[in-house]
Amino acid sequence: MHGALTGILRFALLTGLYYVGAAITVLYLQTPADVVLFWPAAGIGFAYVLRYGLRYAPAVPLAQLLLHLTVNPVPALFIPYSIGADYVALIMACLYVHSRNAELQFRIKDGLLLLRGGFVISLFSAGIGTLGMLHAGMVSAEAVPRAFLQWSLSNLLGVTAITPNALLLFGAGNGRDRHPAGKMMTGRLRERVAWTAVLALVLAGGIWIIDQGSMYPLAVSVLPLALLLWSAARFSAQFTALATMCVTVLMALALGLGLWGFPRPETLHDTTLMMGSLIVNSVIPILMAVAFRERALAMEALRIRATQDPQTHLLNRFAFEERARARLAQDEPHLCLVYIDLDNFKMINESASHAAGDEMLRHVAGLVRAEFREDDLIAHTGGDEFTVLTAADAATTSVRCNRLLASIEAARVAWQGQNLGTSASIGITTSQPPHVAYDELLSQADTACHEAKEQGGNRLFLTESNAESLELRTRQMRSALIAREVLDEGRFELWCQPIVNLRSPQPAQSHFELLMRWRDRDGQVRPPAELIAAAERYQLGPRLDRSILGSLLAWAEKHPDAAAGIQQCNLNLGAATLADEDFGTYLAHRLRRSPLRADQVCVEITETSVVRDMTRTRRFIAQMRDLGCRFALDDFGTGFCSFSYLRNLKVDYLKVDGSFVRGIDQPGLSEAVVRSITEIAHLLDMRAVGEQVETEQQLDLLRSIGVDYAQGYYFQRPQPIAEFFAVTA
């Protein structure tokens, strides 16, 4: 019922508007040829039917009929032509526009489309109307061209002057400048007042010039165009459309009625020039306004694209950093930087799809936005990470972050029959004036977040409460950077320590373990433990192992005689290298070009790295043994110390951890462990190696137990490879 009433009211409104617009022009702007100079009703009907649909088009012939029955009596023979001219032309124009664009918007291409629609209205309406005038005897055959031209121009002027503003009035498209770019073009009230005053002066000056008897009224009528272009450049599109319509209507009335000294056009030449100039004046400002608006919208879109993350519509990393630095430069009493990293987010991408991951990110972004305030800076800084800079103290921020953790953990995203969920780790660091630099603050929050993640995730970590733990992690990260520098710059060295056969002594250089040392920036030799730990922790282990192996083989290529005398060189590989599927191919390729043979290489792996992935370790050992390499299980006895898995590991040596060897001369557990490992090794056809031998007493005990090999300071301290092999020279 409500819809039907709305339809009736809209039908009546169009009928009334069309009738009023037509009646005014018929009464005041009719030419001697019974054709009006300006037909705003065409623009009103065109805009109305485009906005609300073709079902309202019958209001136009109804208004035309009322017009002829009241203020514009015409021969009865002409009435069907008059009604049909506007109705058919309107239908044709609307069908043409809708066939090329389903939804009109305030942009140049749609403005040009409306202009083409105006030409359709003008040509069809003028063609049908002048044919009717000729049939009804209202014009002679000689006057048909003049009537056709005046009719078409009056309709075209009505469309160009009225339709854009009417569409805005009826709320079509996106004419209202809701976009932020609209604010850029609104202009100040003071400038609008100044513009209106200048327009009034221009119009008044034009009237005065005409009143003085100027011979160029058409030139004076063009003067307001400059003001309309000013409006197009400075004000909103709807303001310019309204101003253009008002100026066009005013100029049409003044010229058509001969007001204020303007001579009324009587000849076809004068009428054509006047109406053509008015059409140009009505089209150019609106097209300019639309062009400026599109430019502003494009600039705003670029600004948003440069500052906003497209997935979550939060700030992106670059915009966040810029604004965060500006906030830190101020003297706000409390600032907290919150670093949020989703736990195991990669599982969602891999198991569901990246599209599912994007949906989860959008959902989490909404939870983050809901937890913090409007004036807080919130960003999606990449991947599964979010960053917040909030003007709150640590206690308040911790409360919010705990609520956020609970919200994220409880959240579920439906995706193709699955309910996807995740959790988060959060690092929080605080700052008081004078605030620390953004980069340092971000590093602290990032470190705290990683600490929370390594403690199991789904928790927050506050730097103030865990300073000692974070300092340790910072040192580890610094060590990782140093490790990368050492590898990049080749600041590591090969050192050697002999492995002595306790049953048949051989030259030290025939059987040894290859060790690594590195030099700091000051050139001091540093032990490898911290560097190796950092490399393993931050996925640099395989690169480090390849570098050491490559250096060994390069040394062998330079010293083929020394390489030929090597019986066995023990080389340590980290746990990450065992998982490197390409390492075996790399080793085989390098050995083919080296004087060092595969059977001269013994790969040492630790017990803990073996049990981490038993299947992969067995596959790696088999691959290396196929090349001819031997294997040693290093630091045996300190890990899980389960003898059962030794049956499935084809290794040649068990290296007894040095902590047991050092305590072997004290009765108790150490001697029992060394004895047990040695017996198991022999039972499995392996050889036992005692590490870190420092005294003759320890050596004697190892011999008495039956240990096969030993190494340690008692025999020789590690030496650079050049010095180690120089002993035989």
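Residues numbered from 1 in each chain as written. Predicted model: local features only at pLDDT ≥ 70, side-chain atom pairs only at ≥ 80, totals over all residues. Heavy atoms only, no water.

Let's talk about a nonpolar patch on the surface
Next up, step 1: Taken together, the side chains of V88, M92, F119, L123 and F124 present a nonpolar region at the surface, about 420 Å² in accessible area.
Next up, step 2: Looking at the nonpolar patch, the elements that each hand over two or more residues are helix 4 (79–100) and helix 5 (108–135).
Next up, step 3: Among the elements that make up the nonpolar patch, the one with the highest residue count is helix 5 (three residues).
Next up, step 4: Note that V88 resides in helix 4. (Patch = residues over 30% accessible without salt bridge, like charges linked within 9 Å, V, L, I, M, F, W, Y side chains within 5 Å. Areas by Shrake-Rupley, 256 points an atom, 1.4 Å probe, with all protein chains shown as cover. Salt bridge = Lys/Arg side-chain N within 4 Å of Asp/Glu carboxyl O. Helix = DSSP H or I, 4+ residues; strand = E, 2+ residues; numbered from the N terminus.)

Side note on unusual backbone geometry
Next up, step 1: Of note, the amide linkage connecting P433 to P434 takes the cis form, showing an omega dihedral of -10°.
Next up, step 2: Tracing the sequence through the fold places P434 in the loop between strand 6 (423–431) and helix 17 (438–454).
Next up, step 3: Even without a glycine there, the phi angle at Q416 is positive, about 50°.
Next up, step 4: Under the relative-accessibility criterion, Q416 is labelled exposed at 68%.
Next up, step 5: Positive phi outside glycine occurs at D635, with the angle close to 55°.
Next up, step 6: Residue placement: D635 occurs in strand 14 (residues 630–636).
Next up, step 7: We classify D635 as partly exposed; its relative accessible area is 27%. (Buried < 20%, exposed > 50% of the residue type's maximum accessible area, 1.4 Å probe, protein only.)

Thoughts on the packing of aromatic side chains
Next up, step 1: With the rule as written, the count across this model stands at 18 aromatic pairs.
Next up, step 2: Aromatic pair W555 and F725: ring centres 4.7 Å apart, planes at 40°, arrangement tilted. With a gap of 170 residues between them, W555 in helix 20 (residues 541–558) and F725 in helix 29 (residues 721–726) connect regions that are remote in the sequence.
Next up, step 3: Look at W555 and you get buried, because its relative accessible area is 11%.
Next up, step 4: You can call F725 buried: its relative accessible area is 11%.
Next up, step 5: Aromatic side chains Y653 and Y709 sit 5.8 Å apart centroid to centroid with 75° between the ring planes, which places their arrangement in the edge-to-face category. Here Y653 is found in strand 15 (residues 653–656), whereas its partner Y709 is found in strand 17 (residues 709–710), with 56 residues between them in sequence. (Phe/Tyr/Trp six-rings, centres within 6.5 Å; stacked < 30°, edge-to-face > 60°.)

Some words on the nonpolar core
Next up, step 1: Ranked by size, the top nonpolar core spans 68 residues in total, and within it L654 and L702 carry the most contacts.
Next up, step 2: The greatest single-element share of this core, amounting to seven residues, is contributed by helix 20.
Next up, step 3: Ignoring anything within four residues of it in the chain, the contact list for L654 reads L633, F636, L646, I677, A681, M686, R687, A688 and V689.
Next up, step 4: Of all hydrophobic cores here, the second largest spans 60 residues; its members include A42, L114, L167 and M275. (Core = buried A, V, L, I, M, F, W, Y, C linked by side-chain atoms within 4.5 Å. Contact = heavy atoms within 4.5 Å.)

Points about the side chain of R590
Next up, step 1: Here R590 shows up in helix 23 (residues 583–592).
Next up, step 2: At a separation of 3.3 Å, a polar atom in the side chain of R590 contacts the side chain of E557. (Polar contact = N/O pair within 3.5 Å; in protein donor to acceptor, adjacent residues only side chain to side chain.)

Describing the confidence of the model for the protein
Next up, step 1: When pLDDT is averaged along the protein, the result is 83, and 88% of the positions lie at 70 or above.
Next up, step 2: Contacts of residues 174–187 to residues separated by more than four positions or lying in other chains number 40 contacts, the stretch itself having pLDDT below 50. (pLDDT = per-residue confidence, 0-100.)

Side note on the pairing of strand 2 (residues 377–382)
Next up, step 1: When you tally the buried positions in strand 2, you get five out of six residues, the bulk of the element.
Next up, step 2: Sheet topology note: the strand 2/strand 3 (residues 385–390) ladder contains five bridges and is antiparallel. Along strand 3, the bridge assignment pairs L377 with L389.
Next up, step 3: The antiparallel hairpin formed by strand 2 and strand 3 contains two residues in its connecting segment, where G383 sits at a positive phi of about 60°. (Pairing = 2+ DSSP bridges.)

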